[in-house]
2 protein chains.
Amino acid sequence: MATATGLLDDLAGIGRDLTGGGYHRLAWERPTLELREWFAAEAGRRGLDVTEDGNGNQLAWWGSGDDALLIGSHLDSVRGGGAFDGPLGVASSLAAVDTLRDAGFTPSRPIVVANFTDEEGARFGVACVGSRLATGVLAPERALSLRDDDGTTLAEAMRAGGADPAAVGPADWLASIGAFVELHVEQGRALIDSGDAVGVASAIWPHGRYRLDLHGQGNHAGTTAMTDRHDPMLTYAAAVLASAAAASETARRATFGRVRVAPGSTNSIPVQVTAWLDARAESEEALAGLVDRILSDTRRAAAGHGTRAELTEESVTSAVTFDPGLRDRLATLLGAPQLPTGAGHDAGILASRVPTAMLFVRNPSGISHAPEEYAEPADCEAGVAALAEVIRELA
Amino acid sequence: MATATGLLDDLAGIGRDLTGGGYHRLAWERPTLELREWFAAEAGRRGLDVTEDGNGNQLAWWGSGDDALLIGSHLDSVRGGGAFDGPLGVASSLAAVDTLRDAGFTPSRPIVVANFTDEEGARFGVACVGSRLATGVLAPERALSLRDDDGTTLAEAMRAGGADPAAVGPADWLASIGAFVELHVEQGRALIDSGDAVGVASAIWPHGRYRLDLHGQGNHAGTTAMTDRHDPMLTYAAAVLASAAAASETARRATFGRVRVAPGSTNSIPVQVTAWLDARAESEEALAGLVDRILSDTRRAAAGHGTRAELTEESVTSAVTFDPGLRDRLATLLGAPQLPTGAGHDAGILASRVPTAMLFVRNPSGISHAPEEYAEPADCEAGVAALAEVIRELA
């Protein structure tokens, strides 16, 4: 019988970033294709029936028919991410199947383990592409024309990965799902503070991604007096500090994690800086207010610098309140605390279609999307036991 | 007889950036190799004897022997640069040769037109690589191990461009040079203000390039409270604003034109930000003072953010005062004003070895290192006439 940590150990070498110590497992790149092969092999070894939809989502079926209980998560990572965000949910689901079978359990409904494609959006800039396409909340044409930093479209990347972009779109399997429970490593410190190995998600904050384009006047770095400049890098710096200040004051979140500079030469004043703002708040109104404030502070700075600022919404994911009946039932069953999160998940996407819940496993570093992301083996096994208990309860 | 603008027109299609309107002519890349072929062909058409040293510097000889008068400039550009910075000097030198020959002038010393390699340093981060290697102020091992953004070393790039990296180093031709006069488009507004088509350089400010490494704690952008962050992007923003403030107060120059973020995902708080500071001041003491102040302001911000800042000097080019005798003689000959500049040039490198002067041609935009860089055709021809007059005077 496999343990979750044992299964994760099998993946330790795939997509490893040897200098930074984390993982680069981006959608449709080689490491992620290897992880898909691993998933199909592990499911096959358990006699699960592996199907794949047109979006690259893999599903491993224990039984067949309708009203299935979906479990699982994703295997891709952000650039330089940790080993647990995503894979812990997939590995724990396989281990929970083993646990239940060892105990002679026969489910009353199909159990389906999922590996969702491109949850992080680290390559093409839109998160949860696999589940968004499957549920129809992302249009195929829009998805297929997304481009990575090298200009490769998702359609081209899928083709290179052996998938047919023409098959992308709403998935048939969704009609057979009666509920979804996603297990995930915690990405904050709530379970450290409460002293629990496992928690239940209450809600996901709304989450927006915005592109900030700052236009200035390119010029020579050595010959242009500071007073003659229209330097968009100064406006970017002001935007970064303004966003941190605005989010801090309201206990919300604002982050600039990605920036591009043109022309990007040491001895050139930039002509353009493009940066991406990640913002989250407790409600959509609060999110809009946060972003408005950041934009107005940035525009005030731009006026002073003689530059121009434009903000484009790339995606806004609405708030998710997980199915209250299911959520409360699982929290009671497990004696686990409920906690909100600022992170998006495939569970947040499926929640609009089927009753959905999430289990969180304690992360002693409180850090995620970085090599320090961690879960103790004992907590991982507590997560598997909790997931198995949930399946017994629901199936 | 070719005009300078006619010769520049021949180059209009090489290395063009079709979206930004400028040029990408980086060392040892395809466009720059094409420009080298063009130079050799134009020199050959004039019966000049083209030689090339081990560093990729091309020299076209009108006559042979010692105490030669070197003219010329470079053909490479920054990323997204203009059409004049570099090529105007090469084209004007060829046009001046035509002018003098048409007038039946026979020089009393050899005239040599140079195309120096990699003046901008836009690809490998060190400026004036060709002239630094030729004069021995840059060690071959150090130069060959420089890397571009893709990790390609200069040695590999030279090999790919058909050159032998083993031949890099101090150049024999330097012993045959008695003086150097480089013509260049002006990179500021002094000649606009004085109303002159042509000026003479008095001095080059010292120029430093520094790498700023900011180390923080990578984490999830959605789940990490603002108060739990150690975000190096905030420290970068503070460094950008501190450098602009410090340079403004002292009428010096400080620029951040290039930045790299790890992991560089929208939904990740960065673990590291690396940026390059370009700083210039009227003296080396003033430059050191400016950079010290920027670093201390950045470290104060880093302490507040729980991040760590390290500054590494990548290159510091000393102040250059051009040969006073030659400079004053040319200014009197041409009735031209003298002006200092904050831009480095191959002339600044050669000035330590041979009497060197520079002519500047008015730039009506005052902008350089950008597509707006310009010189009116009449001013270009005034530059050619001035250079021809200088050659008559000196040869």
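About the criteria used
- Residues numbered from 1 in each chain as written.
- Chains lettered and ligands numbered in written order.
- Predicted model: local features only at pLDDT ≥ 70, side-chain atom pairs only at ≥ 80, totals over all residues.
- Heavy atoms only, no water.
- Helix = DSSP H or I, 4+ residues; strand = E, 2+ residues; numbered from the N terminus.
- Rg over C-alpha atoms; globule rule 2.2 N^0.38 Å.
- Buried < 20%, exposed > 50% of the residue type's maximum accessible area, 1.4 Å probe, protein only.
- Domains from an automatic or database assignment.
- Contact = heavy atoms within 4.5 Å.
- Buried area = accessible area lost by both parts, 1.4 Å probe.
- Salt bridge = Lys/Arg side-chain N within 4 Å of Asp/Glu carboxyl O.
- Polar contact = N/O pair within 3.5 Å; in protein donor to acceptor, adjacent residues only side chain to side chain.
- Nonpolar A, V, L, I, M, F, W, Y, C, P; charged D, E, K, R; others polar.
- Pairing = 2+ DSSP bridges.
- Axes fitted to C-alpha atoms, helices over the stretch in contact; angles between N-to-C directions.
- Core = buried A, V, L, I, M, F, W, Y, C linked by side-chain atoms within 4.5 Å.
- Least-squares fit on C-alpha atoms with pLDDT ≥ 70 in both.
- Phe/Tyr/Trp six-rings, centres within 6.5 Å; stacked < 30°, edge-to-face > 60°.
- Lys NZ or Arg CZ within 6 Å of the ring centre and 35° of its normal.
- Parallel < 35°, antiparallel > 145°, perpendicular 65-115°, else oblique.
- Left-handed = near helix turned anticlockwise from the far one by under 90°.
- Arc of directions from axis to C-beta.

Colleague: Help me understand the overall build of chain A, please; the structure alone is not making it clear to me.
Modeller: Helix and strand content of chain A: 12 helices and 17 strands. For 395 residues, the compact-globule formula gives about 21 Å, and the C-alpha radius of gyration of chain A, at 22 Å, lands near that figure. Dimensions of chain A, computed from C-alpha atoms along their principal axes, come out at roughly 80 × 45 × 40 Å. Looking at the 395 residues of chain A, the share that counts as buried comes to 64%.

Colleague: Just checking my understanding: could you explain the domain arrangement of chain A for this structure?
Modeller: Often the size quoted for an interface is simply the accessible area lost on bringing the parts together. All names here are of chain A. Segmentation of chain A into domains returns domain 1 (4-205 + 319-394) and domain 2 (207-317). Centre-to-centre, using C-alpha coordinates, domain 1 lies 33 Å away from domain 2. Between domain 1 and domain 2, the residue contacts involve 13 residues of the former and 13 residues of the latter. Surface buried jointly by domain 1 and domain 2 totals about 1100 Å² across both partners, of which 40% is contributed by carbon and sulfur atoms. Where domain 1 packs against domain 2, one counts two salt bridges. Here R260 makes a salt bridge to D149, at a shortest N to O gap of 3.2 Å. At the junction of domain 1 and domain 2, the tally comes to eight residue pairs in polar contact (both at pLDDT 80 or more). Split into classes, the residues belonging to the side of domain 1 that touches domain 2 amount to five nonpolar, four polar and four charged.

Colleague: Could you clarify how one ought to interpret the sheet that holds strand β9 (residues 207-215) of chain B in this entry?
Modeller: Residues and elements named next belong to chain B. Within the open sheet, the four strands sit side by side as β11-β13-β9-β14. Their pairing is antiparallel. Bordering the open sheet on either side are β11 (253-262) and β14 (308-317), each of which pairs with just one other strand. With strand direction ignored, the average angle separating the axes of adjacent strands in the sheet is 20 degrees. Relative to strand β13 (residues 272-280), β9 is paired through nine bridges, and the arrangement is antiparallel. Paired with L214 across the two strands is V273, which belongs to β13.

Colleague: Would you mind going over the nonpolar core with me for this structure?
Modeller: Note that soluble globular proteins tend to have their nonpolar side chains buried in a common cluster. Of all hydrophobic cores here, the largest spans 58 residues; its most connected members are A:M233, A:Y236, A:F256, B:M233, B:Y236 and B:F256. For A:F256, the contacting residues outside a window of four places in its chain are A:L212, A:Y236, A:A239, A:V240, A:S243, A:A275, A:W276, A:L277, B:M233 and B:P270.

Colleague: Looking at this structure, I do not really get the interface of chain B and chain A. What am I missing?
Modeller: Taken together, the contact pairs 61 residues of chain B with 61 residues of chain A. Roughly 4900 Å² of surface becomes buried between chain B and chain A when both sides are summed, with 57% attributable to carbon and sulfur atoms. At 10 residues, the largest contribution of residues to the side of chain B that touches chain A is made by helix α8 (residues 232-250) of chain B. Taken together, the residues of the side of chain B that touches chain A sort by class into 26 nonpolar, 23 polar and 12 charged.

Colleague: What exactly am I supposed to notice about unusual backbone geometry here?
Modeller: A negative phi holds for most residues other than glycine; trans holds for most peptide bonds. With omega at 0 degrees, the peptide bond leading from A:A262 into A:P263 counts as cis. Inspection of the secondary structure assignment puts A:P263 in the loop between β11 (253-262) and β12 (268-269). Not every positive phi belongs to a glycine, and A:D67 is a case in point at roughly 55 degrees. Summarising the element assignment, A:D67 is placed in the loop between β3 (58-62) and β4 (68-74). On the basis of relative accessible area, A:D67 is assigned to the partly exposed category, the value being 43%. You will see that B:W28, though not glycine, has its phi angle at about 70 degrees, which is positive. Among the structural elements, B:W28 can be located in the loop between β1 (23-24) and α2 (30-45).

Colleague: For this particular structure, what's the right way to read the pattern of salt bridges?
Modeller: Oppositely charged side chains are able to pair whenever their charged atoms sit close together. All names here are of chain B. In this structure the tally under the stated criterion is 46 salt bridges over all chains. Of the charged contacts in the structure, one is a salt bridge between R79 and D149, with a shortest N-O distance of 3.9 Å. With R79 in strand β5 (residues 79-81) and D149 in the loop between α5 (140-144) and α6 (154-160), the pair connects residues that are 70 residues apart, well separated along the chain. By relative accessible area, R79 is classed as buried at 18%.

Colleague: Just checking my understanding: could you explain the relation of the copies chain B and chain A for this structure?
Modeller: The two chain copies are connected by a rotation around an axis plus a translation along it. Once turned by 180 degrees and shifted 0.0 Å along the axis, chain B lies on chain A with an RMSD of 0.0 Å. Both copies are brought into coincidence by an operation consistent with a two-fold rotation axis. Rotation axis and chain B: the residue whose C-alpha lies nearest the axis is B:A237, separated from it by 2.1 Å. A symmetric contact is evident, with 100% of the interface residues of chain B recurring at the interface of chain A.

Colleague: Looking at this model, I keep getting lost on the packing of aromatic side chains. Mind explaining?
Modeller: With the rule as written, the count across this model stands at eight aromatic pairs over all chains. Here A:F84 and A:Y374 contribute two aromatic rings whose centre-to-centre distance is 5.6 Å and whose plane-to-plane angle is 85 degrees, an arrangement assigned as edge-to-face. Within this pair, whereas A:F84 is found in the loop between β5 (79-81) and α3 (87-102), its partner A:Y374 is found in the loop between β17 (356-361) and α12 (377-394), the two being separated by 290 residues in sequence. A residue is classified by how much of its surface remains accessible, and A:F84, at 9% relative accessible area, is buried. Residue A:Y374 is classed as partly exposed on the basis of its relative accessible area, which comes to 33%. Between B:F116 and B:W173, the ring centres sit 6.2 Å apart and the planes meet at 50 degrees, which makes this aromatic pair tilted. Within this pair, whereas B:F116 is found in strand β6 (residues 111-116), its partner B:W173 is found in the loop between α6 and β7 (177-185), the two being separated by 57 residues in sequence. Note on accessibility: B:F116 and B:W173 belong to one class, buried. Ring-pair connections join several aromatic residues into one group, and the members of that group are A:F116, A:W173 and A:F180. In this structure, B:R258 packs its charged tip against the face of B:W276, placed 4.0 Å from the ring centre.

Colleague: Would you mind showing me how to read the sheet that holds strand β14 (residues 308-317) of chain A here?
Modeller: Sheets are built from strands paired through backbone hydrogen bonds, the pairs being either parallel or antiparallel. Residues and elements named next belong to chain A. Strand order across the open sheet formed by four strands is β11-β13-β9-β14, with antiparallel pairing between neighbours. Two strands close off the open sheet at either side, each with one partner strand: β11 and β14. In this sheet, neighbouring strand axes are inclined to one another by 20 degrees on average, regardless of whether the strands run parallel or antiparallel. Its contacts with the sheet place helix α8 (residues 232-250) against β9 (207-215), β11 and β13 (272-280), and it is angled at close to 170 degrees to β11. Contacts from helix α9 (residues 284-305) reach β9, β11, β13 and β14, with the element oriented near 165 degrees to β14.

Colleague: Help me understand the packing of α3(A) against α12(A), please; the structure alone is not making it clear to me.
Modeller: Between two packed helices, the angle of one axis relative to the other and the distance separating the axes together describe the packing. All names here are of chain A. Running from amino to carboxyl end, α3 crosses α12 at an angle of 60 degrees, the nearest separation of the two axes being 8 Å. In terms of their interaxial angle, α3 and α12 are classed as oblique. In this structure, the crossing between α3 and α12 has a hand that is right-handed. Seen from α3, the contacting residues are L88, S92, S93, A95, A96, T99 and L100; seen from α12, they are C380, V384, L387, A388, I391 and R392.

Colleague: Honestly, helix α10 (residues 324-334) of chain B in this entry has me stumped. Any pointers?
Modeller: Think of an α-helix as turning once every 3.6 residues; residues three or four places apart then point the same way. Residue and element names in this part refer to chain B. The set of residues buried in α10 consists of L326, R327, L330 and A331. All buried residues of α10 lie within an arc of 130 degrees about the axis, which places them on one face of the element. Looking at the buried residues of α10, the elements they touch are β7, β8 (198-204), β15 (320-321), β16 (338-341), β17 (356-361) and α12 (377-394). G335 lies just past α10 and shows a positive phi near 60 degrees.

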